[in-house]
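Take a look at the letters that make up each chain.
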Amino acid sequence: MLSNYPLSKVEKAFLKESGVETISTLIPYLTVDNFPKLGLLTACRFLEWAAENPQGVISLPTGKTPEFFIKWTQYLLDNWESKKGKEIREQYGLGDTKKPVLKDLTFVQIDEFYPISSSQHNSFYDYVNKFYIQGFGLSKEKAILINSDEIPLAQGKSYQEIFPDLKVDLSLRFREPATDLEKLQQESIYMIDQWCADYEKKIRDLGGIGFFLGGIGPDGHIAFNTRGSHIYSVTRLTETNFETQAVAAGDLGGIEVSANRLVITIGLDTIVYNPEAVAIIIAAGEAKAGIVKDSLETKLNNVYPATVLQKLKNGRFYLTKGAAVKLTDSVDAYYQKGEWTFEKTERAVIELCKRLNKYGHRLKLSDLKNDKYCKLIPDLSEETVGQVMKSVEDKLARGLEQEKNQRLLHTGPHHDDISLGILPHITNQLHEPSNEAHFSVLTSGFTAVTNSFVIDTLQHTKKLLDENKIQMVNYEDFFEVGYSLKTDKDVYHYLTNVASENEAARKRGLCHRVVRALVTIYGIKNKTQLRETINDVISILRKSYDGEKNPSKIQKLKGMIREFEEELVWAHFGVQVKNVHHLRLGFYTGDIFTEQPDKTRDVEPIVELFRQVNPTKISLTLDPEGSGPDTHYKVLQATAAAVKKWGEEKDLSELRIIGYRNVWFKFEPHEANVIVPVSLGDMSVMEDSFTNCYLSQVNASFPSYSHNGKFSTVAKRTWVGQLNDIQLLLGKNYFYLHERAKVRASHGLIFFRDMNVDEFLATARELEKSIEGMI
């Protein structure tokens, strides 16, 4: 395969380092160990190309995916002749390359929301100007950009005048306008279409794009060419699909906005118009593994837009090992290379059950011998399937064990991560009175709270103050000390009103806590100042555009709302507020690129929490390649460093680390060593606690791309799917005839990995490199 495609010096160096021997996909790919390394590979290849094509045409991505590409490119340019810079260049095929000059390159913007002001910091126009035009020193004059403010519309009007609600109805391309405003809108849409055609012509007049770099969405979209886009599509104004809207919700301030916002995007044919183009798709994390496999192993097909790269001899995918894990090449290498482990046997048999849709006890030896992977199992016999079934039964038995005398510290990157990951397991632990449980959310989580939620809450708070229904503000010591007391009472009263189904009293409970938060944040001294502050915050939020970064005090207010929600969830089980720890790690800033975890600012608070709680078990999200939000990846970095540091002062040989996953990414059965049965009652508890406590999340403004609704629904679907996999192996009778009621009541399963410290640090070893300053 590779002999048919010309690899550059950089690509040859990274291919050699990867150890990949066989590439059978329809588009070549390279793999690296981790997300930061993906940025290094991409930066090296870009600089190699730029050195050879100093007046070339480039198109680079926006969003969080290119974070390390941008950082490594800037680092290498700044350190081209330094000792470390030379070492990197020598190692990765740039040793003889002269430092490239980027100022004569022509930059082409890939896509943009429409309409959106170019002055907004969440516009892609602003992004490319900040990180590429200014950051890389490119020519603003030569750049071909998408500035919504400058696209001509009917009668010379602005988009605010033509589309006052910022909604563009593309049906006007084909139907009669019903109003005078619609006539202007129809004319404007035709003008935008002409502008897009001119944009496309500018690119083609230059010979097309010479270097294209892009990410890939959950539906397989590249640029905003979503699933089903025409292979010969060009620059156009178009709608998006739900998966793309869910991904964009974080940029635009919620799905309510992104679902109604159109996009201007270059087309698939725009990307491959230049037959000599280097076109690279980058993907990180196992959550992308399915779409990566489909895109690389499917013949040219509009259902998988990235297959268009098959047209280019220099089309590539650059992947982390996690993103490549489902490729046939990777699966073959998994089974064929290295020592055969029982995990391989387990995976092969369970996958065979799924492929044949056959229960484990009905698999015949001939089925195993005829399977590509099962036939590799050493000492393959009639007993093999039974051994796998026994192994899975042992995992279930571990999930049924009643833990005693444990100090439990459950951690999560965001509020609701713990609950969505392992709530039924935690409820089992909390039923045992000798266990002591602590919970810690490591970031403030303010980005998940919409401006509209805060405005509505503050308006209701004003109403209650007017009606004298927040009486605590009348106590003479409230603004000095009272505001900081009785937080457990807040929580208890709120949950009492959950039980009595008194929605008005629940809203009042939230408003009570918001008042306490406002006094804490703004140093409010009296009722008049409280009203003024509420009005000020509402005014600021109303003047903000959707997705705009909030001032720090409003970020803190949003974060404290999320913290109250977390306290409510664990109070369901009698956990006191003092056992719910809010770390608010400093790297979490709300910027497009959150900072790397810092040893003093971010790691030391976690170590201090370990010292304070002195846990015997720590749970954490095990997402080593950033399959979910990048916060997961960076929190894991900081936690791994904290465990290592704590181990320098304390014997951690007895400490257990529980690695869990949730709605962003899941374990396969062979990867987990503990399986916990989940009953309908467990699901109801999770669903009810989510709905009643995570008030800012019930409307799912920032949903998973897999479901337009609450995350609790996604979690339940994951648990049910995991039960289906195991039932296929063990048989349904195993569950409904089991001697334990907990197993008989199973309608879902949770998978997680129970590790000692050494096993955990080995899993996270690549993260250590990242936090120690790769750049």
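Participant: I keep staring at the overall build of the protein chain and nothing clicks. Help me out?
Facilitator: Within the protein chain one finds 29 helices and 16 strands. In terms of C-alpha radius of gyration, the protein chain reaches 28 Å, essentially the compact-globule figure of 28 Å for 775 residues. For the protein chain, the C-alpha atoms occupy an extent of roughly 80 × 70 × 60 Å along the three principal directions. By sequence separation, contacts in the protein chain at least 24 residues apart represent 78% of the contacts at least 6 residues apart. About 31,600 Å² of surface is accessible on the protein chain, with carbon and sulfur atoms providing 48% of the total.

Participant: When you look at the sheet that holds strand 10 (residues 407–412) in this model, what are you seeing that I'm missing?
Facilitator: Sheet strands pair via backbone hydrogen bonds, and the direction of the pair is either parallel or antiparallel. With respect to topology, seven strands assemble into an open sheet ordered 12-11-10-13-14-16-15, the strand pairing being mixed. What marks the edges here is a single partner per strand, and that holds for strand 12 (580–582) and strand 15 (674–679). For this sheet, the mean angle separating the axes of adjacent strands, direction not counted, is 25°. Against the sheet, helix 21 (residues 552–571) touches strand 11 (436–441) and strand 12, its axis set at about 165° to strand 12. Against the sheet, helix 24 (residues 680–693) makes contact with strand 15 and strand 16 (746–756), and its axis sits at roughly 80° relative to strand 15, the strand it touches most.

Participant: Is there a simple way to explain the sheet that holds strand 3 (residues 106–107) in this structure?
Facilitator: With parallel pairing, the six strands of this open sheet are ordered in space as 1-9-8-5-2-3. The sheet is open, and its two edges are formed by strand 1 (29–32) and strand 3, each paired on a single side. In this sheet, strand 5 (residues 211–214) lies alongside strand 2 (residues 57–59) in parallel orientation, the contact comprising two bridges. Bridging across to strand 5, Ile-58 finds its partner in Phe-211.

Participant: Looking at this model, I keep getting lost on the nonpolar core. Mind explaining?
Facilitator: As a rule of thumb, nonpolar side chains are buried together in soluble globular proteins. Membership of the largest hydrophobic core comes to 106 residues, with the highest contact counts inside it found for Phe-46, Leu-60, Phe-107, Tyr-114, Tyr-132, Phe-317 and Leu-319. The dominant element in this core, judged by the number of residues it contributes, is helix 2 (residues 35–52), at 10 residues. Not counting the four nearest positions on each side in its chain, Tyr-132 is found in contact with Leu-60, Pro-61, Pro-66, Phe-69, Ile-70, Phe-107, Tyr-127, Gly-137 and Leu-138. Among the nonpolar cores identified, the runner-up in size contains 66 residues, and Ile-426, Leu-465, Leu-530 and Ile-554 belong to it.

Participant: Please clarify how the pattern of salt bridges should be interpreted in this entry.
Facilitator: Side chains carrying opposite charge are able to pair once their charged atoms draw close together. Under the counting rule described, the total for this entry stands at 49 salt bridges. Between Lys-634 and Glu-67 there is a salt bridge; the shortest N-O distance is 2.9 Å. One end of the pair, Lys-634, is in helix 23 (residues 630–647); the other, Glu-67, is in helix 3 (residues 67–78), and 567 residues separate them in sequence. For Glu-67, a relative accessible area of 1% translates into the label buried. Between Glu-243 and Arg-227 there is a salt bridge whose closest N-O contact spans 2.9 Å. On the criterion of sequence distance, the pair formed by Glu-243 in helix 8 (residues 242–252) and Arg-227 in the loop between strand 5 and strand 6 (236–238) is long-range, its members being 16 residues apart. One salt-bridge network, in which partners are shared between bridges, spans Glu-604, Glu-608, Arg-611, Lys-645 and Glu-649.

Participant: So what exactly am I meant to see when it comes to the environment of Pro-378 here?
Facilitator: With respect to the element layout, Pro-378 can be found in the loop between helix 14 (365–369) and helix 15 (384–400). Remark: the alpha-carbon pair of Pro-378 and Lys-543, spanning 165 residues in sequence, is separated by 67 Å.

Participant: Please explain the packing of helix 17 (residues 451–466) against helix 19 (residues 503–522) as it appears in this structure.
Facilitator: What describes two packed helices is the angle between their axes and the distance between those same axes. Their axes nearest at 9 Å, the elements helix 17 and helix 19 cross at an angle of 95°. With respect to their mutual orientation, helix 17 and helix 19 come out roughly perpendicular. Taken together, the residues of helix 19 that come into contact with helix 17 (itself represented by Phe-453, Thr-457, Leu-458, His-460, Thr-461 and Leu-464) are Lys-507, Arg-508, Leu-510, Cys-511, Val-514, Val-515 and Leu-518. Tallied by class, residues from the contact of helix 17 with helix 19 come to eight nonpolar, three polar and two charged.

Participant: What's the story with the packing of aromatic side chains in this structure? I'm lost.
Facilitator: The geometry of an aromatic ring pair is captured by the separation of the ring centres together with the interplanar angle, meaning the angle of the planes. Here the structure, examined in full by the defined rule, presents 29 aromatic pairs. The structure contains a cluster of three or more aromatic residues connected by ring pairs, namely Phe-46, Trp-49, Phe-69, Phe-107, Tyr-127, Phe-131, Tyr-132, Phe-136 and Phe-211. The ring of Tyr-334 carries the charged tip of Arg-347 above its face, separated from the ring centre by 4.5 Å.

Participant: Looking at this model, I keep getting lost on unusual backbone geometry. Mind explaining?
Facilitator: What is expected of a backbone is that most residues other than glycine have negative phi and most peptide bonds are trans. The peptide bond linking Tyr-114 to Pro-115 adopts the cis configuration, its omega dihedral lying at -5°. Position of Pro-115 relative to the elements: it lies in the loop between strand 4 (111–114) and helix 5 (124–134). Even without a glycine there, the phi angle at Leu-166 is positive, about 65°. By the element assignment, Leu-166 lies in the loop between helix 6 (159–162) and helix 7 (180–205). Owing to a relative accessible area of 26%, Leu-166 belongs among the partly exposed residues under this scheme. For Asn-614, which is not glycine, the phi dihedral falls at a positive 55°. With respect to the helices, strands and loops of the structure, Asn-614 is situated in the loop between helix 22 (599–613) and strand 13 (617–621).

Participant: What am I meant to see in the pairing of strand 1 here?
Facilitator: Note on strand geometry: in a regular strand, side chains alternate between the two faces of the sheet. Burial of strand 1 is two-sided: the residues Tyr-29 and Thr-31 facing one way and the residues Leu-30 and Val-32 facing the other way are all buried. Where strand 1 meets strand 9 (residues 314–320), four bridges bridge the pair, whose relative direction is parallel. Each residue of the ladder has a partner; that of Val-32, found in strand 9, is Thr-320.

Participant: Looking at this structure, I do not really get the side chain of Thr-457. What am I missing?
Facilitator: Within the element layout of this structure, Thr-457 appears in helix 17. According to the relative accessible area criterion, Thr-457 is buried, its value standing at 8%. Filtering out sequence-adjacent residues up to four positions away, Thr-457 remains in contact with Leu-510, Cys-511 and Val-514.

Participant: Would you take a moment to explain helix 19 for this structure?
Facilitator: Helical periodicity: at 3.6 residues per turn, an α-helix aligns residues three or four positions apart in one direction. Here helix 19 contains 20 residues, and its C-alpha end-to-end distance of 28 Å stays within 8% of the 28 Å for a straight helix at 1.5 Å per residue. By the criterion of burial, helix 19 is predominantly enclosed, with 14 of the 20 residues buried. Where helix 19 ends, the next residue or the one after it, Gly-523, has phi of about 60°, a positive value.

Participant: It is not clear to me how the pairing of strand 13 should be interpreted in this structure. Could you clarify?
Facilitator: Within strand 13, five of the five residues are buried, which leaves it mostly tucked inside the rest of the structure. Of the two faces of strand 13, the one lined by Lys-617, Ser-619 and Thr-621 and the one lined by Ile-618 and Leu-620 are each fully buried. Relative to strand 13, strand 10 runs parallel, the two sharing three bridges. Among the inter-strand pairings, Leu-408 is bridged to a residue of strand 13, identified as Lys-617.

Participant: Please clarify how the side chain of Thr-240 should be interpreted in this entry.
Facilitator: Structurally, the position occupied by Thr-240 is in the loop between strand 6 and helix 8. In this structure, Thr-240 is in contact with Phe-224, Thr-226, Gln-245 and Val-263, ignoring residues within four places of it in sequence.

What counts and how
Residues numbered from 1 in each chain as written. Predicted model: local features only at pLDDT ≥ 70, side-chain atom pairs only at ≥ 80, totals over all residues. Heavy atoms only, no water. Helix = DSSP H or I, 4+ residues; strand = E, 2+ residues; numbered from the N terminus. Rg over C-alpha atoms; globule rule 2.2 N^0.38 Å. Contact = heavy atoms within 4.5 Å. Areas by Shrake-Rupley, 256 points an atom, 1.4 Å probe, with all protein chains shown as cover. Pairing = 2+ DSSP bridges. Axes fitted to C-alpha atoms, helices over the stretch in contact; angles between N-to-C directions. Core = buried A, V, L, I, M, F, W, Y, C linked by side-chain atoms within 4.5 Å. Buried < 20%, exposed > 50% of the residue type's maximum accessible area, 1.4 Å probe, protein only. Salt bridge = Lys/Arg side-chain N within 4 Å of Asp/Glu carboxyl O. Parallel < 35°, antiparallel > 145°, perpendicular 65-115°, else oblique. Nonpolar A, V, L, I, M, F, W, Y, C, P; charged D, E, K, R; others polar. Phe/Tyr/Trp six-rings, centres within 6.5 Å; stacked < 30°, edge-to-face > 60°. Lys NZ or Arg CZ within 6 Å of the ring centre and 35° of its normal. Expected span 1.5 Å × (residues − 1).

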